[in-house]
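Fold and contact review
Read off the chains here:
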Amino acid sequence: MHTIVIQLQDVPQDWHLIEPFFYKVQSAGQLSIFQVEEGKNGSGFDKLYHEITHHMSQMRVSKWQAVVLTTVPCPRLNTKRLTCLLKEMREKFFRQFIEHELPPRAVAFLMLDPIKRTSNFAPDDGDSNPYWQLDNEGYYFDEMTVRHPANMFVQRELEELDATWGNQLNLTEAGRIDRPDPAFISVLVEKINRVSGRFIEIIRDKKELLKQDTIIGEQLTLPQLESLEASFLQLLQRKKIPPLAEDLADFAPSAILKELLKEKLSIQSSIGDYRIIRQTSAIYSVEKRTTALVNIALFLNAVAFKDHILSQISPGGIFELEVVLRSGKLEEMLSGYDSSLHAARTKIESKLLDRQGMTHNRFEEVQVQPYSTEPLKENEGLLAPVFKIRNQATYMLEWEKYMDGVSAELEKRERDMISGARAGAKKIQQLKRRKSVLEDEKVEITEYLEELKDKVDTLYAELDENEPGQSIETKEWEKHERVANFYMEIHSKACPTKKQVAIAMGVSGLMLLAPQLFSLEWSTIDFRNNWLSYSIVPAGMLFGVLAIGFLVKAYMLKPVERLSKNSEDKRKNLLQSQQESHRKYNNYLNKMYELYRTRQYYETVKAHYDQIKQENHQLRYHQSRVDEFLDTCGRLINNLGLSPKLNKEYHDFFETKFKPEVDVSESPIYSPFDCQIEKETELEKLSISVGKQKSSVHAGYLHVIQELRLVKDQVYKL
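A count of helices and strands for the protein gives 17 helices and 11 strands. Across the 718 residues of the protein, 43% fall into the buried class. Restricting the contact set of the protein to residue pairs at least 6 apart, pairs at least 24 apart contribute 81%. In the form shown here, the protein has an accessible surface area of approximately 39,100 Å², with 52% of it arising from carbon and sulfur atoms.

Written as structure tokens, this is what we have:
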């Protein structure tokens with residue numbers, strides 16, 4: 001069962017001294033502490049209700065008990081009466097849990113009472129005494145201590161009712177009790193009527209005071225006055241109804257009113273099934289005040305650790321708490337606590353000194369060329385066809401075959417390039433899985449981080465500058481091929497065929513030789529002796545025709561040859577461009593790998609650096625908190641008048657118990673109950689006395705307590 005402690009007002013003085021006592025049960029999920037915040041129209045209780053229900057939902061709590069921690073008197077309320085506090089908590093707070101079917105199994109009000117009291121347990125100050133009177137009896141029975149009684153009942157008014165009643169009756173004059181003498185009844189009725197009239201006047205005066213709206217402090221409301229009036233008159237009238245009461249001879253009207261006021265206005269009217277536990281304290285005695293706080297801390301631990309303790313306390317009862325400690329155990333426990341904190345401070349300071357120089361082993365240098373591919377293959381047998389007159393008719397077929405061959409070559413090289421890039425990426429993925437290797441050299445971690453960061457930035461810049469881009473060689477060749485084929489077809493068809501050349505040259509030769517041949521006298525020509533002279537001119541003309549034919553042929557073939565050479569150069573340039581892209585892809589993959597490794601190194605070193613920083617922050621946090629808790633522990637020990645000794649065995653205890661990553665409330669070194677070297681034993685029992693009922697349970701970590709006594713309270717009486 002979960003225990004929820006509700007601090008109804010600001011924490012008591014020196015409360016921080018005992019907060020470490022709750023860490024053990026808080027970290028175990030057995031106890032939670034909530035503070036009521038000030039709010040208008042009960043909004044503080046509404047907010048607290050939502051906080052507690054949310055907490056129980058998160059903790060999956062279905063069974064719980066509540067302990068309301070308050071101080072007497074309670075300055076949080078407009079009224080300082082305990083009766084009003086109980087009523088307000090029931091109506092504005094606990095009713096919400098009941099309506100939502102999540103009622104507490106038990107509710108106890110644990111009151112810290114620092115008020116100095118007289119021999120009859122009345123407060124020895126004028127401020128608290130009136131509230132104490134109302135809480136106990138429902139009226140001011142000591143009017144001397146009350147400055148503004150307002151419309152509350154006072155002792156004087158009760159005495160007036162008794163005086164109005166007059167002398168006591170003699171029952172012997174009544175005769176038989178079941179059939180009293182009419183004369184006696186007449187006297188009795190007269191007394192009742194006088195008292196009734198006087199009481200009605202008193203009630204009327206109190207109602208008039210209400211109308212004036214000048215009442216300061218406690219007051220009776222109109223419904224309360226009317227209820228008291230009706231009940232009092234009804235009970236008073238019953239006194240005349242036979243059979244007469246045997247105590248009529250000693251009857252006083254104030255007795256009825258006292259009973260009604262106690263029933264309707266005192267603690268008895270609002271306690272219900274609540275349990276009220278009062279712990280005496282002191283304002284000016286440091287030792288008594290601190291002892292009371294320690295008793296409260298131990299009691300709350302016992303209630304949370306052994307959740308049935310609260311249910312053993314009688315509902316509707318008011319008790320005073322007495323905590324009996326085992327001799328020397330508290331001093332022994334605080335000694336262990338103090339020793340543990342001193343050991344923690346020494347160890348933490350040592351750890352921080354050891355961590356001043358933050359270093360990290362240098363990683364091995366990244367292999368810049370983890371992957372490389374062979375150059376793309378070139379089809380050396382693929383050459384542009386040579387144009388000749390004799391193959392003019394078939395040249396376009398050879399030319400298109402060449403152009404298609406180049407396209408196929410470029411496409412194949414592009415596929416090889418993509419395949420090589422994929423193979424490289426796959427190989428690099430395998431290399432990425434290789435564990436990073438640390439060298440023996442240690443470097444200062446911040447400098448190494450800066451170095452790796454600069455290298456990462458440089459690699460990013462290099463990747464941006466040397467990005468391979470998209471391969472366009474195949475598209476470039478397709479564009480060139482369309483243009484080249486178009487012009488090649490034109491130029492090739494413009495060239496003459498072999499037959500056309502022969503006819504042209506023959507016709508040209510005949511046309512040049514015809515004049516000479518017709519001018520000769522063939523009958524007088526002596527070819528045998530003068531053949532040389534007759535052959536020189538035809539031979540020169542033939543040579544000229546052949547020379548002119550050669551020049552014409554060269555001129556007509558020049559566009560074809562130029563187009564063929566341009567295509568060959570274009571092919572070589574595209575092949576070179578593909579090879580360059582292939583090299584860039586290869587380098588890009590290598591740079592990507594280098595960037596990956598360098599970033600991995602950087603992230604690893606950064607994570608180590610952040611971890612060291614976090615651990616240092618945690619250690620510095622705990623260093624400051626240990627100093628705070630040492631001061632708190634020292635004040636607690638001094639306030640209790642103890643003189644424990646430091647135990648050096650707690651240096652080893654620190655190594656096993658200290659957890660820098662957890663909060664103070666969850667770290668064992670901050671809890672006095674966890675800072676104990678001695679183990680718990682089954683032999684140690686915790687006795688519980690509630691009134692005359694006694695029981696015992698296994699003490700567990702609460703072996704410092706010998707007995708919890710809950711004796712009938714003498715300050716607040718039902």
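More follows now that the structure is in view.
The strands making up a sheet are joined through hydrogen bonds of the backbone, oriented either antiparallel or parallel. Read from one edge of the open sheet, nine strands run β2-β1-β3-β4-β5-β6-β11-β9-β10, paired in mixed fashion. The open sheet is flanked by β2 (31-35) and β10 (693-698), the only strands paired with a single partner. Averaged over all pairs of adjacent strands, the angle between strand axes in this sheet comes to 25 degrees, irrespective of strand direction. In the sheet, strand β5 (residues 275-280) pairs with strand β6 (residues 318-325) via three bridges, with the strands oriented parallel.

Another aspect to go through is unusual backbone geometry. Looking along the chain, the bond that leaves Pro-242 and enters Pro-243 is cis, with omega of -10 degrees. On the secondary structure map, Pro-243 appears in the loop between α7 (222-238) and α8 (253-265). With a phi angle near 55 degrees, Arg-60 is a residue other than glycine that sits in the positive phi range. Despite not being glycine, Glu-101 has its phi angle at roughly 55 degrees, a positive value. Within the secondary structure layout, Glu-101 lies in the loop between α3 (82-99) and β4 (107-113). We classify Glu-101 as exposed; its relative accessible area is 71%.

This brings us to the pattern of salt bridges. According to the stated counting rule, one finds 35 salt bridges in the structure shown. Here Asp-674 makes a salt bridge to Lys-24, at a shortest N to O gap of 2.7 Å. A residue pair is termed long-range when its members are at least 10 positions apart, and Asp-674 in the loop between α17 (650-657) and β9 (685-690) and Lys-24 in helix α1 (residues 23-27) qualify at 650 residues. Residue Lys-24 is classed as partly exposed on the basis of its relative accessible area of 22%. A salt bridge links Glu-190 to Arg-194, with the nearest nitrogen and oxygen atoms 3.3 Å apart. On the criterion of helical spacing, the pair formed by Glu-190 and Arg-194 is a turn pair, its members being four residues apart in helix α6 (residues 182-212).

A word on the environment of Glu-398. Mapping Glu-398 onto the fold places it in helix α12 (residues 395-432). In sequence terms Glu-398 and Ala-384 are 14 residues apart; their C-alpha atoms lie 8.5 Å from each other.

Let us now look at the layout of surface pockets. Quantified by volume, the largest pocket comes out at close to 690 Å³. For the lining of the largest pocket, the elements supplying multiple residues, two or more each, are β4, β5 and α9 (286-305). Of the residues in the lining of the largest pocket, the class split is 12 nonpolar, six polar and 10 charged.

Within the structure shown, the criterion is met by 19 aromatic pairs. Each ring, one from Tyr-23 and one from Phe-629, has its centre 6.0 Å from the other, and the planes form 50 degrees; the classification is tilted. One end of the pair, Tyr-23, is in helix α1; the other, Phe-629, is in helix α16 (residues 527-640), with 606 residues separating them in the sequence. Both residues of the pair, Tyr-23 and Phe-629, count as buried. Where Phe-305 meets Tyr-701, the ring centres are 4.9 Å apart and the plane angle is 65 degrees; that geometry is what we call edge-to-face. Note that Phe-305 is positioned in helix α9 and Tyr-701 in the loop between β10 and β11 (705-712), a separation of 396 residues in sequence. Residue classification places Phe-305 among the partly exposed positions, given a relative accessible area of 25%. Take Tyr-701: its relative accessible area is 5%, and that puts it in the buried class. Every member of this aromatic cluster is reached through a ring pair, and the members are Phe-45, Tyr-49, Trp-64, Phe-93, Phe-94, Phe-97, Phe-109 and Tyr-274. Geometry around Tyr-701 places Lys-24 over its ring, the cationic atom sitting 5.3 Å from the centre.

Mapped onto the secondary structure, Arg-620 falls in helix α16. By relative accessible area, which is 44% here, Arg-620 ends up partly exposed. Taking the C-alpha atoms as reference points, Arg-620 and Ile-348, separated by 272 residues in sequence, lie 8.0 Å from one another.

Packing of helix α5 (residues 155-165) against α8 brings their axes to within 8 Å, and their N-to-C directions diverge by 150 degrees. When the axes of α5 and α8 are compared, the pair comes out roughly antiparallel. Within the contact between the two elements, α5 uses Leu-158, Leu-161, Asp-162 and Trp-165 and α8 uses Pro-253, Ser-254, Leu-257 and Lys-258. Among the residues forming the contact of α5 with α8, the class breakdown is five nonpolar, one polar and two charged.

It is worth spelling out empty space enclosed by the protein at this point. Inspection of the entire model under this criterion finds five cavities of 30 Å³ or more. The wall of the second largest cavity is formed by Gln-7, Leu-8, Gln-9, Asp-10, Val-11, Pro-12, Leu-69, Thr-70 and Thr-71. The element contributing the most residues to the lining of the second largest cavity is strand β3 (residues 64-71), with three residues.

Per-residue confidence for the protein gives a mean pLDDT of 83; residues scoring 70 or more make up 84%. Here helix α15 (residues 498-519) stands out as the least confident element of the protein, with mean pLDDT 63; strand β1 (residues 2-7) is the most confident, with 95.

Helix length check: α6 (31 residues) gives 45 Å between terminal C-alpha atoms against 45 Å at 1.5 Å per residue, within 8%. If you check which residues of α6 are buried, you get Phe-184, Leu-188, Lys-191, Ile-192, Val-195, Ser-196, Phe-199, Ile-202, Ile-203 and Lys-206. Residues of α6 that are buried sit in contact with α5, α7 and α8. Just downstream of α6, Asp-213 is the residue with a positive phi angle, here 55 degrees.

What counts and what doesn't
- Residues numbered from 1 in each chain as written.
- Predicted model: local features only at pLDDT ≥ 70, side-chain atom pairs only at ≥ 80, totals over all residues.
- Heavy atoms only, no water.
- Helix = DSSP H or I, 4+ residues; strand = E, 2+ residues; numbered from the N terminus.
- Buried < 20%, exposed > 50% of the residue type's maximum accessible area, 1.4 Å probe, protein only.
- Contact = heavy atoms within 4.5 Å.
- Areas by Shrake-Rupley, 256 points an atom, 1.4 Å probe, with all protein chains shown as cover.
- Pairing = 2+ DSSP bridges.
- Axes fitted to C-alpha atoms, helices over the stretch in contact; angles between N-to-C directions.
- Salt bridge = Lys/Arg side-chain N within 4 Å of Asp/Glu carboxyl O.
- 1 Å grid on protein atoms, 1.4 Å probe; cavity = no way out; pocket = protein on both sides within 12 Å on 5 of 7 lines; lining within 4 Å.
- Points joined across faces, edges and corners; volume = space filled by probe spheres on them.
- Nonpolar A, V, L, I, M, F, W, Y, C, P; charged D, E, K, R; others polar.
- Phe/Tyr/Trp six-rings, centres within 6.5 Å; stacked < 30°, edge-to-face > 60°.
- Lys NZ or Arg CZ within 6 Å of the ring centre and 35° of its normal.
- Parallel < 35°, antiparallel > 145°, perpendicular 65-115°, else oblique.
- pLDDT = per-residue confidence, 0-100.
- Expected span 1.5 Å × (residues − 1).

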